[in-house]
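Each chain is listed here by its residues.
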Amino acid sequence: MQRFPLAHATHPQWRMAAALVLAQLRAQLALPGASSPGLALLYITDHYAAEAEAILANLSAELPEVTDWAGTVGVGVAATGVEYFDEPALAVMLCDIPADQYRVFSGVAPLGLGFEAHSALVHADPRTPELSSLIAEMAERTASGYLFGGLSASRGDNVQFALGGDGFIRGQGRSSGVFHGGLSGVAFAEDVAVISRVTQGALPIAGSHTITEAERNVVYQLDGEPALQVLLRELGVTLDQPEPAIQAVRATLAGLVHPEDAAQDSGAIGHTGNFGSDVRVRHIIGLDPQRGGVALAELVDEGMQLAFCQRNVQAARADLMRICAEIREELEPAELPLAAATAAGAPESEPARARQIAGAVYVSCSGRGGPHFGAPSAELQLVRHALGDVPLIGYFAGGEIARHHVYGYTGVLTVFLVG
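From a predicted model like this one, the values you see are computed outputs, not experimental measurements. (Residues numbered from 1 in each chain as written. Predicted model: local features only at pLDDT ≥ 70, side-chain atom pairs only at ≥ 80, totals over all residues. Heavy atoms only, no water.)

**Brief notes about the sheet that holds strand β2 (residues 39-45)**
On the basis of which strands lie adjacent, the open sheet formed by six strands has the order β1-β6-β2-β3-β10-β11 and mixed pairing. Of all strands in the sheet, those with a lone pairing partner are β1 (6-10) and β11 (178-180), marking the two edges. Direction aside, the axes of adjacent strands within the sheet are offset by 20° on average. Bridge count for β2 against strand β6 (residues 89-95) is six bridges, and the pairing is antiparallel. Its bridge partner lying in β6, I44 is registered against L90. (Pairing = 2+ DSSP bridges. Helix = DSSP H or I, 4+ residues; strand = E, 2+ residues; numbered from the N terminus. Axes fitted to C-alpha atoms, helices over the stretch in contact; angles between N-to-C directions.)

Printed below as a string of structure tokens:
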């Protein structure tokens, strides 16, 4: 496995952008020692959504050696050190992974028997019914239980790309490789080594609380107190002055953790500092002054942990640097005691080799990117500064997928390793 060829371009006409991408890829494939990858990841901005079928047909015809395609649409696409936000653009990364180590799946080619999935890159339509349950079910079908990816984000069609060289289910007919609804993506075998991390973009206002009374998506009590009373106290506002109170609430979100996740991650919601990776941030969508309730854009259960929070640029930058540092640390070889190394037959003068990043996928929230980090491509530049000039592709999503959860206002960074 070598470094993955990567290309990206912007142009008002998709054919010109595709031609620029193809020229970049062919130049990289012509280099000495270059391989012939069979899997491509393709992300487009929603400016090109209506032309998704034509784009995939063009690229797959021009790159006949690439037999498998996966991807989706976002309000922006990302590449190494750069983002194309709210402009016509596309990006392609060719993944040099053995054909028997992955499978593209979709509605006409579901992940079936004969392939042991260890992890999976998943793209999903946000309008799919019971989406959270489908993602949890998909996670259960992988040996590690780990998914990474995100929801499509488009002001037009929520398209997904999923074209596999293994064909389609008999009786389902053929497909253009462009889908609407449901899940699609790429499942990977155990030998495909990946490291994945979630970075949060919100900061707790105060400590966490236990939901002690709730009904569907409305929290009525936190630690036995009316939830609205807790919220107003932590924001330092009162309904006697409704205008500043409403403005403060509109700028506030809620971080949620299931009890089982909180038990595994004692730092999921701290009194200060960033959220842990199991916290899912959701909007506050209404208040019930009569019953003291706070309505959230998520079904809640009693026993869940909740912390009111607000988006914070400094916290987002610091947390993004943290996950990049964790990934770099995992790349370094583990240090063995001298006795153990000698017993294993390793010469003392031969140091262990660090693993290298062959390519990376970064799915960030459509509410992040340059507008949130303060400058165009600032978020991607942080990743590039921390990880180096590695091939990276991604998009700005309507929700981010990590493990078996759908997140908001986060970034999910996943790297493929070699060595």
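**Comments concerning the pairing of strand β22 (residues 356-365)**
Within β22, nine of the ten residues are buried, leaving the element largely enclosed by the surrounding structure. Where β22 meets strand β26 (residues 411-418), eight bridges bridge the pair, whose relative direction is antiparallel. Bridging across to β26, S364 finds its partner in G411. Summarising the sheet, β22 and strand β23 (residues 392-397) pair through six bridges and their orientation is parallel. Within the sheet, the bridge partner assigned to S364 lies in β23 and is F396. (Buried < 20%, exposed > 50% of the residue type's maximum accessible area, 1.4 Å probe, protein only.)

**Observations concerning the sheet that holds strand β25 (residues 405-407)**
The strand order across the open sheet built from six strands is β7-β12-β8-β9-β24-β25, with neighbouring strands paired in mixed fashion. A strand with exactly one partner marks an edge of an open sheet, and here the two such strands are β7 (102-105) and β25. Along the sheet, successive strands turn relative to each other by an average axial angle of 15°, direction set aside.

**Some points on the nonpolar core**
Side chains of nonpolar character tend, in soluble globular proteins, to be buried together. Formed by 36 residues in total, the largest nonpolar core has its most connected members in L41, I97, F188 and V361. No other element matches the four residues that β6 contributes to this core. In this structure, A18, L59, W69 and V73 belong to the second largest nonpolar core, which totals 29 residues. (Core = buried A, V, L, I, M, F, W, Y, C linked by side-chain atoms within 4.5 Å.)

**Brief notes about empty space enclosed by the protein**
Taken as a whole and judged by the stated rule, the model has one cavity of 30 Å³ or more. Taken as a whole, the largest cavity spans an internal volume of roughly 50 Å³. Forming the walls of the largest cavity are A79, T80, G81, L380, V383, R384, L387, G388, V390 and L392. For the lining of the largest cavity, the leading source of residues is helix α10 (residues 378-387), giving four residues. Each residue belonging to the lining of the largest cavity can be placed in one class, and the counts come to six nonpolar, three polar and one charged. (1 Å grid on protein atoms, 1.4 Å probe; cavity = no way out; pocket = protein on both sides within 12 Å on 5 of 7 lines; lining within 4 Å. Points joined across faces, edges and corners; volume = space filled by probe spheres on them. Nonpolar A, V, L, I, M, F, W, Y, C, P; charged D, E, K, R; others polar.)

**Some details on the pattern of salt bridges**
Applying the stated criterion across every chain, the model contains 15 salt bridges. As a salt-bridge pair, E298 and R282 come within 3.1 Å of each other at their nearest N and O atoms. Of the two residues, E298 is situated in the loop between β20 (293-296) and β21 (305-311) and R282 in strand β19 (residues 280-288); the sequence distance between them amounts to 16 residues. A salt bridge links E326 to R322, with the nearest nitrogen and oxygen atoms 2.8 Å apart. On the criterion of helical spacing, the pair formed by E326 and R322 is a turn pair, its members being four residues apart in helix α7 (residues 313-331). (Salt bridge = Lys/Arg side-chain N within 4 Å of Asp/Glu carboxyl O.)

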